[in-house]
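Observations on the model geometry
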Amino acid sequence: MMPPCMQATLEFSSVLDPVCCDWSHIDWLVADWTEFYLDTVELIPPGAPEPLGNEVQINLFADAAHAICLMMWHSTTGILMFLNGALIHWYSKCQNMIESSTFGSKFVAMKIVMELNAALQYKLCMMGVLIDGATNMFGDNVSVIKNVLFPELTLSKCHNAIAYHKCHKECTCGAV
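In this report, we go over the structure that sits alongside the text. Computed from a predicted model, the values in this text were never measured in an experiment.

**Observations concerning a nonpolar patch on the surface**
A surface patch of nonpolar side chains, amounting to about 310 Å² of accessible area, comprises Leu43, Tyr122 and Met126. One can find Tyr122 in helix H2 (residues 102-126). On the basis of relative accessibility, which here comes to 40%, the residue Tyr122 falls in the partly exposed class.

**Points about the sheet that holds strand S3 (residues 76-83)**
Taken together, the four strands give an open sheet; going across it, the order is S4-S3-S2-S6, and neighbouring strands pair in mixed fashion. The open sheet terminates on both sides in strands that have one partner only, identified here as strand S4 (86-94) and strand S6 (136-138). Between one strand axis and the next, the sheet turns through 15 degrees on average, direction left out of account. Taken together, the eight bridges between strand S2 (residues 58-65) and S3 define a ladder with antiparallel strand orientation. Its bridge partner lying in S3, Ile58 is registered against Leu83.

**Observations concerning the packing of aromatic side chains**
If you walk through the whole model with that rule in mind, you get three aromatic pairs. Ring geometry for Trp23 and Phe138: centres 4.7 Å apart, planes at 50 degrees, overall tilted. Taken as a pair, Trp23 in the loop between helix H1 (4-9) and strand S1 (52-56) and Phe138 in strand S6 lie far apart in primary sequence, 115 residues in all. Judged by centre distance (5.7 Å) and plane angle (80 degrees), the ring pair of Phe61 and Phe82 falls under edge-to-face. Of this pair, Phe61 sits in strand S2 while Phe82 sits in strand S3, and the two are 21 residues apart along the sequence. Three or more aromatic residues link up through ring pairs in this structure, and these residues are Trp23, Phe61, Phe82 and Phe138.

**Focus on unusual backbone geometry**
Backbone geometry places Asn84, a non-glycine residue, at a positive phi of 55 degrees. With respect to the secondary-structure elements, Asn84 resides in the loop between S3 and S4. Of the residues examined, Asn84 reaches a relative accessible area of 8% and is grouped as buried.

What counts as what
Residues numbered from 1 in each chain as written. Predicted model: local features only at pLDDT ≥ 70, side-chain atom pairs only at ≥ 80, totals over all residues. Heavy atoms only, no water. Patch = residues over 30% accessible without salt bridge, like charges linked within 9 Å, V, L, I, M, F, W, Y side chains within 5 Å. Areas by Shrake-Rupley, 256 points an atom, 1.4 Å probe, with all protein chains shown as cover. Salt bridge = Lys/Arg side-chain N within 4 Å of Asp/Glu carboxyl O. Helix = DSSP H or I, 4+ residues; strand = E, 2+ residues; numbered from the N terminus. Buried < 20%, exposed > 50% of the residue type's maximum accessible area, 1.4 Å probe, protein only. Pairing = 2+ DSSP bridges. Axes fitted to C-alpha atoms, helices over the stretch in contact; angles between N-to-C directions. Phe/Tyr/Trp six-rings, centres within 6.5 Å; stacked < 30°, edge-to-face > 60°.

Function-wise, these values are silent; they only describe arrangement.
Rendered as structure tokens:
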């Protein structure tokens, strides 16, 4: 006989929504970084199976709460990952570094979501899943979004500059 806690979990099920979201009404900001990152290409691993079946759409939402922990002044990153209309992964974690601004904490969140996106795309590629274009990313800080997209904007803090270049490289290879 199973313990009562295990019996309760057997009643749950997971439902994947196959419907893609319609983002045609959004005026996406797009920039070309290829002149800065000449050797960057989308990573398709050797031995990856041929994609079969319907395309899937990746939608990512990222945010950060600046200095939410009043004892240690750390920010918290929150990320939601959707495959078509189904939530497949969520992430909420205290950031390792203490950021002095909202911009810094949200930029760190953007770097984390870029890394999670690269990992998800790799997994889908290795399972033979065809991805429908670039990942749709959503954030609420216009400064962070513009710093990721426009080459003429620069950063002065070294630790933010690492996140800055990581995000640009992901944009260059067409992943987002």
